[in-house]
Amino acid sequence: MTRIISSLSEISAPYDALFCDLWGCLHNGVKAFPAAVEALQAFRAKGGKVVLLTNAPRPAKFVMESLDRLGCPRDAYDLVVSSGDAAQDAMFAGAVGKKVWHLGPSKDDGFFTEVPEEWQGQAEITRVDFDEAEGIVCTGPFDEVNEVPEDYRPKFLLAKMRELPMLCANPDIVVDLGDKRIYCAGALAALYEEMGGEAMYFGKPHPPIYDLARRKLSRLGGAEDARILAIGDGINTDVAGAAGEGIDCLFISSGLAHDQFGADPQNPDPELLRTWLEARQRDPLYTMGHLT
């Protein structure tokens, strides 16, 4: 059964690196959590490496700029590896064709304009109108605050009839933006698959983002899987992904499922937690309320 802990320092000694989620663990989309920042800084001060592993659909450069605005200092981490990074590689390799329709907000334009060094000079991806597209790149709803997946059913019906493949740049279903829950690209891709369309995923819990994280971590000295700890609040992304990769996991219970474990988000009720995890057939090695 998962062990409930009160601070990262209790269990951090055996680990050389962290694969730490962002939304729900390090920030809530509005501001960074000071205690979480301090916990990561302390891990690095002891010589550990912190990889921020996020399902954000934007390349790492833009994620870092967003973290700056949210008040997360750069000395809290060594690397950012995003679902956007992994999905970009697939797009530039032609996974959904050369002419793509972008389904997502303008804040994700960097997915197309920030061409990775290894693809510069050979990337021939063009954003086009839906009627001209060979495939879809989904980074989220156009209006993530007000729209829901069902709003896209008519468009997805047309896409399915044309057999357009969809590249999903963020497998998350929902995130909490402050006090408001909003839909992510994963929710749109799930609806498209439900309707019979084809969707491809490259973020957590799928292997490509972990492979990319390991490659980037290797440039800093690397770490064996047995000495990597994944941290996250997503039972179907962070926890499932860690299990699939054979990596120990610390589940943050105050995130997406904060209302399932009793009245005190910092101290999850052990019985409620056990029942909830068993129902989902997940058993993270550790659990804590907030990352501290």
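What you see is a predicted model; the values in this text were computed from it and never measured.

**Observations concerning the pattern of salt bridges**
Side chains carrying opposite charge are able to pair once their charged atoms draw close together.
So, point 1. For the structure shown, the criterion picks out 18 salt bridges.
So, point 2. Residue glutamate 144 is joined to lysine 107 by a salt bridge in which the shortest nitrogen-to-oxygen separation is 2.6 Å. One end of the pair, glutamate 144, is in the loop between β7 (135–138) and α5 (153–161); the other, lysine 107, is in the loop between β5 (99–103) and α4 (110–113), with 37 residues separating them in the sequence.
So, point 3. Looking at lysine 107, the relative accessible area reads 42%, which means it is partly exposed.
So, point 4. Here arginine 127 makes a salt bridge to aspartate 109, at a shortest N to O gap of 3.0 Å. Of this pair, arginine 127 sits in strand β6 (residues 126–127) while aspartate 109 sits in the loop between β5 and α4, placing them 18 residues apart in sequence.
So, point 5. In this structure arginine 127 comes out as partly exposed when scored by relative accessible area, which is 37%.
So, point 6. Three or more residues joined by partner-sharing salt bridges are found here, namely Asp211, Arg214, Asp225 and Glu245.

**Structural notes on the sheet that holds strand β11 (residues 199–201)**
So, point 1. What the five strands build is an open sheet, ordered β6-β5-β7-β8-β11; its pairing is parallel. The sheet is open, and its two edges are formed by β6 and β11, each paired on a single side.
So, point 2. Sheet topology note: the β5/β6 ladder contains two bridges and is parallel. Residue pairing for β6: valine 100 is matched across the bridge by arginine 127.

**Some thoughts on the nonpolar core**
Nonpolar side chains tend toward joint burial in soluble globular proteins.
So, point 1. By size, the foremost hydrophobic cluster in this structure holds 40 residues, and its most contacted members are Phe19, Met91, Phe111, Val137 and Leu167.
So, point 2. For phenylalanine 111, the residues in contact, after removing those within four places along its chain, are Pro57, Pro59, Gly84, Ala87, Gln88, Met91, Phe92, Val137, Leu167 and Ala169.
So, point 3. In terms of nonpolar packing, the next biggest core, distinct from the first, is built from 32 residues, Val63, Cys72, Ala76 and Val80 among them.

**Points about the pairing of β5**
So, point 1. Along β5, four of the five residues are buried, which leaves the element largely enclosed by surrounding structure.
So, point 2. The sheet contact formed by β5 and β7 spans four bridges and is parallel. In the strand pairing of β7, tryptophan 101 is matched with isoleucine 136.

**Observations regarding the sheet that holds strand β1 (residues 3–4)**
So, point 1. Reading across from one edge, β1-β14-β13-β12-β2-β3-β4 is the order of the seven strands in this open sheet, with parallel pairing throughout. The open sheet has two edge strands with one neighbour each: β1 and β4 (79–82).
So, point 2. In the sheet, strand β3 (residues 49–54) pairs with β4 via four bridges, with the strands oriented parallel. Bridge assignment links leucine 52 to a residue of β4, and that residue is valine 80.
So, point 3. Where helix α1 (residues 34–45) meets the sheet, it contacts β2 (17–20) and β3, and its direction lies at approximately 140° from that of β3.

How each quantity is defined
- Residues numbered from 1 in each chain as written.
- Predicted model: local features only at pLDDT ≥ 70, side-chain atom pairs only at ≥ 80, totals over all residues.
- Heavy atoms only, no water.
- Salt bridge = Lys/Arg side-chain N within 4 Å of Asp/Glu carboxyl O.
- Helix = DSSP H or I, 4+ residues; strand = E, 2+ residues; numbered from the N terminus.
- Buried < 20%, exposed > 50% of the residue type's maximum accessible area, 1.4 Å probe, protein only.
- Pairing = 2+ DSSP bridges.
- Core = buried A, V, L, I, M, F, W, Y, C linked by side-chain atoms within 4.5 Å.
- Contact = heavy atoms within 4.5 Å.
- Axes fitted to C-alpha atoms, helices over the stretch in contact; angles between N-to-C directions.

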